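What follows is the residue order along each chain.
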Number of protein chains: 2
Amino acid sequence: MSEHANAPELAQLRHAAKAWFEQLRDRICRAFEALEDGFAGPDQATLAPGRFVLRPWSREGGGGGVMGLMHGRVFEKVGVNVSTVWGTFSPEFAKQIPGAEHSPSFWASGISLVAHPRSPHVPPVHMNTRHIQTSKAWFGGGADLNPITPDAADIEAFHARLKHACDGFDAAHYPRFKAWADEYFFLPHRGEHRGVGGIFYDYLEGDLDRHFAFTRAVGEAFLDIYPQIVRRHMDRPWTAADRAHQLERRGRYVEFNLLYDRGTQFGLRTGGNTEAILMSLPPVVTWS
Amino acid sequence: MSEHANAPELAQLRHAAKAWFEQLRDRICRAFEALEDGFAGPDQATLAPGRFVLRPWSREGGGGGVMGLMHGRVFEKVGVNVSTVWGTFSPEFAKQIPGAEHSPSFWASGISLVAHPRSPHVPPVHMNTRHIQTSKAWFGGGADLNPITPDAADIEAFHARLKHACDGFDAAHYPRFKAWADEYFFLPHRGEHRGVGGIFYDYLEGDLDRHFAFTRAVGEAFLDIYPQIVRRHMDRPWTAADRAHQLERRGRYVEFNLLYDRGTQFGLRTGGNTEAILMSLPPVVTWS
């Protein structure tokens, strides 16, 4: 961990970041459960509104987290995890992490959410933000939308809201972080993007208070815009062909997460909780 | 490719290996279609016997292959690919391949089969054998059984038939290649094996005629034993709970192939045919 790990400001930041991620999680759970309550779409009468189930877990080596999982009528499966872990990177892995080359100690906290709606009209979404301290300290995160059948209004609203969050901090943030998302959420073997993008940022060092504020703004933007997008589409009926297309597209999500996703690799290589890490995988998938 | 690539015996071996993989493929297709015809299990009357559809493809850079795919009533999805490709490895990838460190040219031919039966009682199976020439030349391959609910008689018969094939060549083959399969077909993040094993072998250099004969014996063993195992179980009814368990277990197959499988990595990094490579993925999968 940081040579200055005992510096009061870094210790304070660890405490505050963890508290924020947990608070954001609680607000997201309430918002998503409200969507479940308000649902008036297909099979509304026969399906019960979903509720998150939270399960704590401990990590051998330091820390742990809480897995939140809901199976509902709007959300076929949505996982939201907050984990706060610390310890020592393996020598091989330490080489890939800024500030861990010579001192493999780390502390990391973050929130990670992946939603797979039941309706093929409601876009799946991913959001993750994190704070990491090694001999360096930084914030990172992002959010991206993964519609089955892209809707221009959704895409515009999603990007506009993230841009608004970015612009409050630095006019260079949005173009840079949008391009980073376009580069990151890409499947080379398919020659296609995973979804319609969003933002991706990492290694925001320096003015940590400001980067923390930006990270909170990203969380607020997500919590504001995504439920609006869900509400626009959740009650619309769909066809068997829509559903078949959805299940096939979900395969791309699996391919990205297992072949390329940095967070998945980070988690599996640092002895994270496999169940929590792979909670991102869709509930039902086809590869015809 | 080999400095001796023009040596008649190496050119002859390339020709003979390719011809063998194609012949084995044709025999497997006939045997699997006969299983489809003989099926008398659940929904027998309403499902048509499956037939393989073969589709050729070309590889930019040299060679190509034929994808064989069947959706049937015994086999929910079975893919069998024969590909014969040549060209130049990327510098990064060449480092990982014996004999390609200084001369990145290669020639490779192989057969790869993955079967996902409809019935949870019929074990999925994987079989792959290959011949590769760089500045070195070798044979490799293997087969492993992936039952949803392991059956002691199946496991014994499968291993015994592979042992018989091995023992005709070298008493050390079977214990070595069985141990290699146990080591290879393992998911560290789950702390569990992918299935019940089989054999895995690679880099068999030296007496290539003998290793080719062994590779043919592995193909014959697979073609002999797997249809027997299928026939034992294919007509038995199953419950919705059996099916749910099957779909969940198939997730482990996906995790292995995308996170760890050497053939998948080889294919995706050498500009192979993505559709052919990912034909191994199950038709329907759940991660609850």
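Refer to the structure printed above.
As a starting point, this report considers the structure included with it. All of these numbers come straight from a predicted model, not from anything done at the bench. (Residues numbered from 1 in each chain as written. Chains lettered and ligands numbered in written order. Predicted model: local features only at pLDDT ≥ 70, side-chain atom pairs only at ≥ 80, totals over all residues. Heavy atoms only, no water.)

Points about the interface of chain A and chain B
Part 1 of the argument: Each partner contributes residues to the interface: chain A has 21 residues there, and chain B has 21 residues.
Part 2 of the argument: When chain A packs against chain B, the two sides together hide about 1800 Å² of surface, and 66% of this comes from carbon and sulfur.
Part 3 of the argument: The interface formed by chain A and chain B contains zero salt bridges.
Part 4 of the argument: Counting across the chain A and chain B interface gives nine residue pairs in polar contact (both at pLDDT 80 or more). (Contact = heavy atoms within 4.5 Å. Buried area = accessible area lost by both parts, 1.4 Å probe. Salt bridge = Lys/Arg side-chain N within 4 Å of Asp/Glu carboxyl O. Polar contact = N/O pair within 3.5 Å; in protein donor to acceptor, adjacent residues only side chain to side chain.)

Here's the deal with the sheet that holds strand β2 (residues 63-70) of chain A
All names here are of chain A.
Part 1 of the argument: Taken together, seven strands build an open sheet; the order of strands is β1-β2-β3-β4-β5-β6-β9 and the sheet is antiparallel. The open sheet is flanked by β1 (53-58) and β9 (197-204), the only strands paired with a single partner. For this sheet, the mean inter-axis angle between neighbouring strands, taken without regard to orientation, is 5 degrees.
Part 2 of the argument: Bridging between strand β3 (residues 75-88) and strand β4 (residues 105-117) involves 13 bridges; their strand directions are antiparallel. Bridge pairing in β4 links Trp 86 to Trp 107. (Pairing = 2+ DSSP bridges. Helix = DSSP H or I, 4+ residues; strand = E, 2+ residues; numbered from the N terminus. Axes fitted to C-alpha atoms, helices over the stretch in contact; angles between N-to-C directions.)

A closer look at unusual backbone geometry
Part 1 of the argument: Backbone geometry at Tyr 203 of chain A places phi at a positive 55 degrees, although glycine is not the residue there.
Part 2 of the argument: With respect to the helices and strands, Tyr 203 of chain A occurs in strand β9.
Part 3 of the argument: Given a relative accessible area of 33%, Tyr 203 of chain A falls into the partly exposed group.
Part 4 of the argument: Positive phi outside glycine occurs at Asp 43 of chain B, with the angle close to 65 degrees.
Part 5 of the argument: Its place among the elements puts Asp 43 of chain B in the loop between α1 (8-38) and β1 (53-58).
Part 6 of the argument: A relative accessible area of 47% places Asp 43 of chain B in the partly exposed class. (Buried < 20%, exposed > 50% of the residue type's maximum accessible area, 1.4 Å probe, protein only.)

A few points about the packing of aromatic side chains
Part 1 of the argument: Enumeration over the complete set of coordinates arrives at 38 aromatic pairs over all chains.
Part 2 of the argument: Taking 5.5 Å as the distance between ring centres and 80 degrees as the angle between the ring planes, the aromatic pair formed by Tyr 184 of chain B and Phe 256 of chain B counts as edge-to-face. Separated by 72 residues along the polypeptide, Tyr 184 of chain B in helix α4 (residues 173-184) and Phe 256 of chain B in helix α6 (residues 240-259) bring together distant segments of the chain.
Part 3 of the argument: Among the residues examined, Tyr 184 of chain B registers a relative accessible area of 14% and is labelled buried.
Part 4 of the argument: Geometrically, the ring pair formed by Phe 185 of chain B and Phe 256 of chain B is tilted, given 5.7 Å between the ring centres and 45 degrees between the ring planes. Note that Phe 185 of chain B is positioned in the loop between α4 and β7 (186-187) and Phe 256 of chain B in helix α6, a separation of 71 residues in sequence. In this pair, the class of Phe 185 of chain B matches that of Phe 256 of chain B, namely buried.
Part 5 of the argument: Ring pairing ties together the aromatic residues Phe 169, Phe 177, Trp 180, Tyr 184, Phe 185, Phe 200, Tyr 201, Phe 214, Phe 256 and Tyr 260 of chain A, which thus form one cluster.
Part 6 of the argument: Its end group placed over the ring of Phe 212 of chain A, Arg 216 of chain A keeps NZ or CZ at 4.4 Å from the ring centre. (Phe/Tyr/Trp six-rings, centres within 6.5 Å; stacked < 30°, edge-to-face > 60°. Lys NZ or Arg CZ within 6 Å of the ring centre and 35° of its normal.)

What about the nonpolar core?
In summary, soluble globular proteins display a tendency toward joint burial of nonpolar side chains.
Part 1 of the argument: Core analysis: the largest hydrophobic core is formed by 59 residues, its most contacted members being Ile 28, Phe 32, Phe 75, Leu 113 and Tyr 226 of chain A.
Part 2 of the argument: Ranked by residue count, the leading element in this core is helix α5 (residues 208-233) of chain A, at 12 residues.
Part 3 of the argument: What Phe 75 of chain A contacts, discounting residues up to four positions off in sequence, is Phe 32, Leu 35, Glu 36, Met 70, Ala 115, His 116, Pro 117, Arg 118, Tyr 226 and Val 230 of chain A.
Part 4 of the argument: Grouped together as the second largest cluster of nonpolar side chains are 58 residues, Met 70, Ala 157, Ala 165 and Ile 225 of chain B included. (Core = buried A, V, L, I, M, F, W, Y, C linked by side-chain atoms within 4.5 Å.)

A look at the pairing of strand β6 (residues 137-145) of chain A
Residues and elements named next belong to chain A.
Part 1 of the argument: Among the nine residues that make up β6, nine are buried, leaving the element largely enclosed by the rest of the structure.
Part 2 of the argument: On β6, burial covers both faces: Ala 137, Phe 139, Gly 141, Ala 143 and Leu 145 on one face and Trp 138, Gly 140, Gly 142 and Asp 144 on the other are all buried.
Part 3 of the argument: Of the pairings in the sheet, the one linking strand β5 (residues 125-133) to β6 comprises nine bridges and is antiparallel in character. Opposite Met 127, over in β6, you have Ala 143 as the bridge partner.
Part 4 of the argument: What sits between the antiparallel neighbours β5 and β6 is a turn of three residues.

What to know about the sheet that holds strand β9 (residues 197-204) of chain B
Across a sheet, strands are paired by hydrogen bonds formed along the backbone, either parallel or antiparallel in direction.
All names here are of chain B.
Part 1 of the argument: Here seven strands make up an open sheet; going across it, the order is β1-β2-β3-β4-β5-β6-β9 and the pairing antiparallel. Two strands lie at the open edges of the sheet, namely β1 and β9, each paired on one side alone. The average angle at which neighbouring strand axes cross in this sheet is 5 degrees, direction not considered.
Part 2 of the argument: Two elements, strand β4 (residues 105-117) and strand β5 (residues 125-133), share nine bridges in a ladder whose sense is antiparallel.

Details of the pattern of salt bridges
Oppositely charged side chains may form a pair once their charged atoms are brought near each other.
Residue and element names in this part refer to chain A.
Part 1 of the argument: Counted by the stated rule, this structure contains 36 salt bridges over all chains.
Part 2 of the argument: Across the pair Glu 76 and Arg 243 runs a salt bridge, and its minimum N-O distance is 2.9 Å. Taken together, the residues span a long stretch of sequence, with Glu 76 in strand β3 and Arg 243 in helix α6 (residues 240-259) at a distance of 167 residues.
Part 3 of the argument: Put simply, Asp 182 and Lys 178 hold a salt bridge, and the shortest N to O gap is 3.3 Å. Here Lys 178 and Asp 182 lie together in helix α4 (residues 173-184), a separation of four residues that amounts to about one turn.

A short note on the environment of Gly 61 of chain B
Residues and elements named next belong to chain B.
Part 1 of the argument: Relative to the assigned elements, Gly 61 resides in the loop between β1 and β2 (63-70).
Part 2 of the argument: By relative accessible area, which is 57% here, Gly 61 ends up exposed.
Part 3 of the argument: Measuring from C-alpha to C-alpha, the distance between Gly 61 and Thr 270 comes to 9.5 Å, with 209 residues separating the pair along the chain.
Part 4 of the argument: The contact partners of Gly 61, leaving out residues within four places of it in the chain, are Trp 86 and Gly 87.

Here's the deal with the side chain of Asn 273 of chain A
All names here are of chain A.
Part 1 of the argument: Note that Asn 273 resides in the loop between α7 (262-269) and α8 (274-277).
Part 2 of the argument: A polar atom in the side chain of Asn 273 sits 2.9 Å from the backbone nitrogen of Glu 275.
Part 3 of the argument: Here Asn 273 is in contact with Trp 57 and Met 67, once residues within four sequence places are set aside.

Observations regarding the pairing of β3 of chain A
Residues and elements named next belong to chain A.
Part 1 of the argument: Burial analysis of β3 places 11 of its 14 residues in the buried class, the great majority of the element.
Part 2 of the argument: Where β2 meets β3, eight bridges bridge the pair, whose relative direction is antiparallel. If you follow Met 70 over to β3, its bridge partner there is Val 78.
Part 3 of the argument: Linkage of β2 to β3, two consecutive antiparallel strands, is achieved through a turn of four residues.

Read these as spatial facts, not as claims about activity.
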